[in-house]
Every structure is written in C-alpha cells, then in structure tokens.
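Remarks on the overall topology
Read off the chains here:
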Amino acid sequence: MHLSEPLCEFIANNADWLTVFQLPSYSPDLNPQEGVWSLVKRDIGNLAAADLGQITRAVKRKLKQIQYRPDLVDGCLAGTGLILDG
C-alpha cells in the first residue's frame, strides 16, 4: 500500500512541502512498544495461569504499573535511539 503508484505520484507532486522517510516493514529496534512488552513478558514469564482471564489480569496489572513509571516508558523510548523533539 505504501509503495503503490498513486501514493508515489502524490509524494512526487507534493515534494515541496512533504518529506517521506521509508522505514523498514518490521523494525522492532525502532519500536518503543517492543520494550514495553518486554517488561510485561519478563514479569509474567513464570505465571502458571489457570485460565485466560488470569493472564489478562496479570498483563493489565503490569501495564498499569508501567503507566505510573514514566522512567520505564522513557527508557523504552530512549532504547530506540530515535530523537524526540518536544
């Protein structure tokens, strides 16, 4: 989809104001979400769940804990090596 002819034409016709960066289709090292899921999986890796509901609760609990630890989220963002403006 991203490399379709109509889109390539649109990019070429609007090159004066539009800058497009083609990223790899799958690049976990550039995705801060991968770091968050790594933290979650590390915490629940040894969970012997009786049912799917127990796993769901454990994942939600860990995500809620991470939400209140901005240093962890910042670490996942910094781990990508991408520059964040703001």
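You'll find the structure just up there.
If you're wondering where the values come from, they're calculated on a predicted model, not measured in any experiment.

Here we come to the environment of Pro6. With respect to the helices and strands, Pro6 occurs in helix α1 (residues 5-13). Among the residues examined, Pro6 registers a relative accessible area of 59% and is labelled exposed. For the pair formed by Pro6 and Gly45, sequence separation is 39 residues and the distance between their alpha carbons is 45 Å.

Here we take up the nonpolar core. Counting eight residues, the largest nonpolar core is built from Val36, Leu39, Val40, Ile44, Ala58, Val59, Ile66 and Cys76. Looking at this core, the elements that each hand over two or more residues are α2 (32-44) and α3 (52-67). No other element matches α2, which puts four residues into this core.

Attention shifts here to the packing of α2 against α3. Relative to each other, α2 and α3 sit at 125°, their axes nearing to 10 Å. As the angle between them shows, α2 and α3 are arranged oblique. For the pair α2 and α3, the sense of crossing is right-handed. In this structure, α2 uses Val36, Trp37, Leu39, Val40, Asp43 and Ile44 to contact α3, whose residues at the interface are Ala58, Val59, Lys62, Leu63 and Ile66.

Criteria and thresholds
Residues numbered from 1 in each chain as written. Predicted model: local features only at pLDDT ≥ 70, side-chain atom pairs only at ≥ 80, totals over all residues. Heavy atoms only, no water. Helix = DSSP H or I, 4+ residues; strand = E, 2+ residues; numbered from the N terminus. Buried < 20%, exposed > 50% of the residue type's maximum accessible area, 1.4 Å probe, protein only. Core = buried A, V, L, I, M, F, W, Y, C linked by side-chain atoms within 4.5 Å. Axes fitted to C-alpha atoms, helices over the stretch in contact; angles between N-to-C directions. Parallel < 35°, antiparallel > 145°, perpendicular 65-115°, else oblique. Left-handed = near helix turned anticlockwise from the far one by under 90°. Contact = heavy atoms within 4.5 Å.

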